[in-house]
Amino acid sequence: MRGNSTKKGIRYSARSPHIQTSPHRFEKLSTRDTWKHGDTLKPNAAIDRPLLGASSMGHTILVDYHTFEKDVLKLKSDLEALAPVSKELVDEAKVSVDWLFRPGASPTEEAIGDTFIDTVNAKDHGGLLKRHRAAFTGHQASHDGCTAKVDAGIYPQEHTPAAGKPDWTHIRLFIEFKRQGTSYDPFDDDDASAPEAHAPSRTAVRNQILDYARVVHEYQHRVCIYGLFVIGPEYRLMRFDHSGVIATKKQNYAQNPRQLLSFLAWFDSLTDAGQGLDPTAMLLTKGSRAYALMDSFAEENTSDMLHDEDTKVDAAPPPSDAQTIPAKADGPARHTRQQTKAASAISQIDESYLDAVELLDEDPRVFKFVREQFRESLKYDWPRYKLEVGEGKEKRMFLVGKPIWTAFWLFGRGTRGYVALDVKTRRFVFLKDCWRPFYEGVEPEGRYLEMLNAEAAKDRRIRVPAVIAHGDVPAQVTFTAHYAQHRVAEAKKLIRAHRETASSTTPSSSDRSVKRDRDANLHSAGDTGGGDDDHTEYRVYTHYRIVFKDVCLPFTAIRSSKQLVRSLFHCITTHSVAYTKLRLLHRDISAGNVIIRPALSSNMDENGKRTVTWTGILTDWELAKIVPQPDASGKRKEIPRQPERTGTWQFMCAAYIMKHPYQPVSVADELESFFHVLLFYAVRLLPHNIADVCLFVTEYFDSFTVADGARRGCSHIKQNSMTQGAIKLSGTVELEFHILVDPSKADADDPLEDGTSKADVNDPSKVDVNGSPKVKVAHPYFNKLFKTMLGYFKARYAVLEWKQRKLKALPALKNTPAPSPISRDTDAEDAPAPRTINRVPNAEPVPPRPSEEDWDLARALDDHTGILNDFWEAIGHADWPKDDVVEDRLPDNYAPRELMLALERMCAPSFIRTTGMNVDEEDLKDAPARKKRRTDASEPFAPSTAMLPPPGRIAGTSVGESIVTGKTVKGKGRAAKARSRN
């Protein structure tokens, strides 16, 4: 089903000759998704909040209150006129506030909150809120375990929390209280060009507020989120979307309560959509038919199949026991007024969409892991939704619970992935909900996959997800980015008009001083919080959903080294055919974007059984781009389509990061990324000679260097591995993968790379399941494949280095003058003794040209044939070991977030621990003390993985050098020991 394409994206014009940008500056620290390695992430506010804050720098627009009313809320008149509040209510509020802030008083946050809540909920003089109530929730976490404890919120009356715990499912406007004082104000009204205050205590408060907005987004489906920040007798209104936050300058409600009371009365009158909720996502009610249908499909089913490869399954499915909807709503018993009200509300819900069922004529069975994931998404009373995908006759309905993975960053794509139930077919599907970049020439992912699906019908070598439905959500485009562009355009008009006026007159010296001040104000009015021209763009996003037929497995599900190589071979083959036939380049090869699709074979054996097969799938094509054909000179003309191109940092090509950040991604770059993916899963899941996998992953994938101009480079170990053609662990020891074999198959006199004897059979770990002794030997096929690939990359980097040095070499003088007599103004007695060896180095060395073999190997990466044949030959061997995968060596608590936070601190001019903050334990106490330019939050759209920092380096396990600004220093940039977690 094709998605709607009526909307036209924003036109982007690059200000510089950059083809495309990558997250190569330090300010881009947060562009990568730190959770893209696999499993569920456990939140840790002390780590998450400063990273969230770092990723959001440069995403704030500060406006005065009346501008917020007119431009942001789109009101035709001010709020006091639209939502009048009685004089008696205002006067009573003024008396309460005056007493709270009486001379000499220093009220606490709780005292401010109590007075505020009492005033807002008061029913005297007609009351303020008719349909909602305010609730204080600052002391307890929510019932579902979320640790964020927002001070207060505005809730629909029927969902007002009574136990003092926040209800993140139903909160409509979150409220945070702070004591009076600038030290707790997250924004700076005095600097319009840099509104995000950078003092540690103020940064900590901003991170706290951003985290509350993120949690609302996690629980609800929102177009925007409203927040209220109260700091003593002053307040700010805030509006968040995926492009940024618009906040008002401080207003004093103690002097004039009417303004704030009118806003709350106006907010109380809004529809759900007016309050920022997504009208295409309907929250399901307990007891409704849809809610019961989800429960029914979550129940265990004896027909569910195991997903392990080569499992034998009956070819004929058992008699159909298709689950259907209950005949009528299973409403609550009518014993209490509340239950009666709930039953009445359920009876008014239109659930006729559940009756439009069209069962598919195919095997109704599902793999057991799929139903288990769906069941898991319904636990802990997580809110359930009906989501719409598409428009008009093509609109489809899907039921979802908790996402199985979600993006952490507040600003950016905000990607969430669900195991969903297709209402129409009653099948489990995979649904991805995100905000995609909205620019001319940037097609939605579904458009590319439709092309690939059509080609896959003719060429089975293309293995990509099958699209069921996709489309932009109607009329949902981020407002903040549009508004930022509008402000810049208006400011430029004013500057031009002012300069034209000024040029027509001859100003006096006093006039020139006034002119300078006025120009400064005009420029700051158009400043959106960025720095140089390449970092001032607010990215425009539009809401997008796409649904896939299959729920797939991560690569961590593999059980053998051959499965890993074969599955990645499938993905590289897909990449090759997409490029050669459609000129389509993926541009985001990463560990999270290769998955495994289990399916039943089409052939049946003599016992009437089918076999479970595994296929490697290349997914997440949303950053893909159709590459233009080269011109006569062999060059491709590419036009940047959006301000930034964000990929996945850990798996980016070292050459692209280090040497060509302004060049388009090439096939060679992508092939190197495939190698990094192979290495990532191999060091986690296969036997090898790395002593500390956490340390290796940290230094190879998650570390980086910082060069001049805060340009971020890849880790030294990754760069050295590519240039040297070997992954050195320590000294001369190279990475080597192992297998266990019978002693008779091992050469007892041939030591392994790490010096251990292959004939050592006394190690109890070297036995098979039957207790027979085994010997550790080098993996014959995996090591050969690795060394072959590294050989290509070494040759490529030799050629690139030679070209780079040749370009940088200065031209020589055309006519070198003849030597002239040496004239010195020192005594001859100072002359040194004659040379013992009469030879001097060439002062201007000419870079040695790479060998012809290097040129040939480098050219082999211009297409896929060389790498594909290497993989094909490797998997063609019949004696690959079976089930040689070990337990994942990257533990569930490995957290690159710790590393990112340490690096964020390290690269700041100073880092000061915040003290004396009146915040909860989980609130951030550490924050970087510097202003930063904009960073773009990339989605991490893969399962979030939590990981603690590795333990301190053990002697002899060094695998590289970590990072400080401008240079590398051994031992820096890693936590010495695991920190305690909340």
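Since this is a predicted model, take the numbers as computed values, not measurements.

What counts as what
- Residues numbered from 1 in each chain as written.
- Predicted model: local features only at pLDDT ≥ 70, side-chain atom pairs only at ≥ 80, totals over all residues.
- Heavy atoms only, no water.
- Helix = DSSP H or I, 4+ residues; strand = E, 2+ residues; numbered from the N terminus.
- Contact = heavy atoms within 4.5 Å.
- Areas by Shrake-Rupley, 256 points an atom, 1.4 Å probe, with all protein chains shown as cover.
- Buried < 20%, exposed > 50% of the residue type's maximum accessible area, 1.4 Å probe, protein only.
- Lys, Arg positive; Asp, Glu negative; His and termini not counted.
- Salt bridge = Lys/Arg side-chain N within 4 Å of Asp/Glu carboxyl O.
- Polar contact = N/O pair within 3.5 Å; in protein donor to acceptor, adjacent residues only side chain to side chain.
- Pairing = 2+ DSSP bridges.
- Core = buried A, V, L, I, M, F, W, Y, C linked by side-chain atoms within 4.5 Å.
- pLDDT = per-residue confidence, 0-100.
- Disulfide = S-S within 2.5 Å.
- Axes fitted to C-alpha atoms, helices over the stretch in contact; angles between N-to-C directions.
- Parallel < 35°, antiparallel > 145°, perpendicular 65-115°, else oblique.
- Nonpolar A, V, L, I, M, F, W, Y, C, P; charged D, E, K, R; others polar.
- Phe/Tyr/Trp six-rings, centres within 6.5 Å; stacked < 30°, edge-to-face > 60°.
- Lys NZ or Arg CZ within 6 Å of the ring centre and 35° of its normal.
- Left-handed = near helix turned anticlockwise from the far one by under 90°.
- Expected span 1.5 Å × (residues − 1).

**Considerations on the overall build of the protein**
Move 1: The secondary structure content of the protein amounts to 22 helices and 32 strands.
Move 2: Within the protein, counting contacts between residues at least 6 apart in sequence, those at least 24 apart form 77% of the total.
Move 3: For the protein, the exposed surface amounts to about 43,400 Å²; the carbon and sulfur share of it is 51%.

**Focus: the side chain of Arg416**
Move 1: For Arg416, the position within the fold is in strand β14 (residues 416-422).
Move 2: No salt bridge is formed by the buried Arg416; its nearest oppositely charged neighbour, Asp433, is found at 4.0 Å.
Move 3: Within the structure, Arg416 has its side chain in polar contact with the side chain of His221 (distance 3.4 Å).
Move 4: Leave out the neighbours within four places in its chain, and Arg416 touches His217, Glu218, Gln220, His221, Pro403, Trp405, Thr406, Leu431, Lys432 and Asp433.

**Digging into the sheet that holds strand β10 (residues 312-314)**
Backbone-to-backbone hydrogen bonds join strands into a sheet, with any given pair of strands oriented parallel or antiparallel.
Move 1: Strand order in the open sheet formed by 4 strands is β10-β21-β20-β18, with antiparallel pairing between adjacent strands. The two strands at the open ends of the sheet, each matched to only one other strand, are β10 and β18 (553-554).
Move 2: Bridge count between strand β20 (residues 594-600) and strand β21 (residues 609-618): 7 bridges; the pairing is antiparallel. Along β21, the bridge assignment pairs Leu600 with Val612.

**As for the nonpolar core**
Move 1: Counting residues in each nonpolar core, the largest one holds 121 residues, and the members touching the most others are Phe675, Leu679, Phe696, Phe782, Phe786 and Phe871.
Move 2: For this core, the element with the highest residue contribution is helix α16 (residues 667-685), accounting for 13 residues.
Move 3: Phe675 has contacts with Tyr700, Met722, Ile727, Phe786, Met789, Leu790 and Phe793, leaving out every residue within four places of it along the chain.
Move 4: One finds Ala93, Ile246, Leu270 and Val540 within the second-largest nonpolar core, a separate group that totals 55 residues.

**Structural notes on the pattern of salt bridges**
Move 1: Within this structure, the stated rule accounts for 44 salt bridges.
Move 2: The salt bridge involving Lys94 is made with Asp98; its shortest N-O contact spans 3.1 Å. One end of the pair is Lys94 and the other is Asp98, both in helix α4 (residues 87-100) and 4 residues apart, which spans about a single turn.
Move 3: Of the residues examined, Lys94 reaches a relative accessible area of 26% and is grouped as partly exposed.

**Re the confidence of the model for the protein**
Move 1: Per-residue confidence for the protein averages 80 on the pLDDT scale, and 72% of its residues sit at or above 70.
Move 2: With pLDDT under 50 throughout, residues 529-536 is counted as low confidence; its partners more than four residues away or in other chains account for 18 contacts.

**With respect to the pairing of strand β12 (residues 396-400)**
Move 1: The element β12 is largely enclosed, with a buried count of 5 among its 5 residues.
Move 2: With 5 bridges joining them, strand β11 (residues 385-389) and β12 adopt antiparallel strand pairing. Note on β12: the bridge partner recorded for Tyr385 is Val400.
Move 3: The antiparallel hairpin formed by β11 and β12 contains 6 residues in its connecting segment, where Gly390 sits at a positive phi of about 90°.
Move 4: Sheet topology places β12 next to β14; 2 bridges connect them, and they run antiparallel.

**Some details on the state of the cysteines**
Move 1: In this structure the tally under the stated criterion is 0 disulfides.
Move 2: Counting only cysteine sulfurs, Cys653 is the nearest neighbor of Cys714, a cysteine outside any disulfide, at a range of 8.5 Å.

**Focus: the pairing of strand β17 (residues 541-548)**
Move 1: Within β17, 8 of the 8 residues are buried, which leaves the element mostly enclosed by the surrounding structure.
Move 2: Where burial is concerned, the two faces of β17 agree: the one with Tyr541, His543, Arg545 and Val547 and the one with Thr542, Tyr544, Ile546 and Phe548 are both buried.
Move 3: Relative to β17, strand β15 (residues 428-437) runs antiparallel, the two being bridged by 8 bridges. Each bridged residue has a counterpart across the sheet, and for Phe430 the counterpart in β17 is Phe548.
Move 4: Two strands pair when backbone bridges link them, and strand β16 (residues 467-477) and β17 are joined in this way by 6 bridges, in the antiparallel orientation. Counted as the bridge partner of Asp472 is Tyr544 from β17.

**Let's talk about helix α17 (residues 693-702)**
An α-helical turn contains 3.6 residues, so a residue and the one three or four places further along point in the same direction.
Move 1: Here α17 lies mainly inside the structure; 10 of its 10 residues are buried.
Move 2: Along α17, the residues that are buried comprise Val693, Cys694, Leu695, Phe696, Val697, Thr698, Glu699, Tyr700, Phe701 and Asp702.
Move 3: At the N-terminal boundary of α17, the capping side chain belongs to Asp692, with an oxygen 3.2 Å from the backbone nitrogen of Cys694.

**Quick word on unusual backbone geometry**
Move 1: The backbone of Tyr380 sits at a positive phi, close to 60°, despite the residue not being glycine.
Move 2: Relative to the elements of secondary structure, Tyr380 occurs in the loop between α10 (368-376) and β11.
Move 3: A relative accessible area of 58% places Tyr380 in the exposed class.
Move 4: Phi is positive for Arg587, which is not a glycine, with a value near 75°.
Move 5: Position of Arg587 among the secondary structure elements: in the loop between β19 (584-585) and β20.
Move 6: Its relative accessible area of 6% is what places Arg587 among the buried residues.

**Things to note about the packing of α17 against helix α18 (residues 716-724)**
Move 1: Two elements in contact, α17 and α18, have axes whose closest approach is 6 Å; the angle formed by their N-to-C orientations is 75°. Compared by their axis directions, α17 and α18 come out roughly perpendicular. The segment α17 lies against α18, with Phe696, Glu699 and Tyr700 engaging Ile717, Lys718, Ser721 and Met722.
Move 2: Here the contact of α17 with α18 is built from residues that sort into 4 nonpolar, 1 polar and 2 charged.

**What to know about the packing of aromatic side chains**
What describes a pair of aromatic rings is the distance from one ring centre to the other and the angle between the planes of the rings.
Move 1: Inspection of every chain in the model, using the stated rule, returns 31 aromatic pairs.
Move 2: Following the ring pairs from residue to residue traces out a cluster consisting of Phe555, Phe651, Phe680, Tyr681, Phe696, Tyr700 and Phe701.
Move 3: The positively charged end of Lys386 is found above the aromatic ring belonging to Tyr353, 4.5 Å away from the centroid.
Move 4: Lying over the aromatic face of Trp382, Lys402 brings its terminal NZ or CZ to 4.6 Å of the ring centre.

**Re the packing of helix α14 (residues 561-582) against α16**
Move 1: Two elements in contact, α14 and α16, have axes separated by 11 Å at closest approach and are oriented at 165°. By the angle between their directions, the pair α14 and α16 is classed as roughly antiparallel. The way α14 lies across α16 gives a crossing that is right-handed. In this structure, α14 contributes Leu564, Leu568, Cys571, Ile572, His575 and Tyr579 to the contact, and α16 contributes Val667, Glu670, Leu671, Phe674, Val677, Leu678, Tyr681 and Ala682.
Move 2: Looking at side-chain class alone, the contact of α14 with α16 contains 12 nonpolar, 1 polar and 1 charged residues.

**What about helix α1 (residues 45-56)?**
Move 1: In this model α1 runs 16 Å from its N-terminal to its C-terminal C-alpha over 12 residues, within 8% of the 16 Å that 1.5 Å per residue would give.
Move 2: Of the positions making up α1, those classed as buried are Ala45, Ile47, Asp48, Arg49, Pro50, Leu51, Leu52, Gly53, Ala54, Ser55 and Ser56.
Move 3: Just beyond α1, the residue with positive phi is Gly58, at close to 85°.

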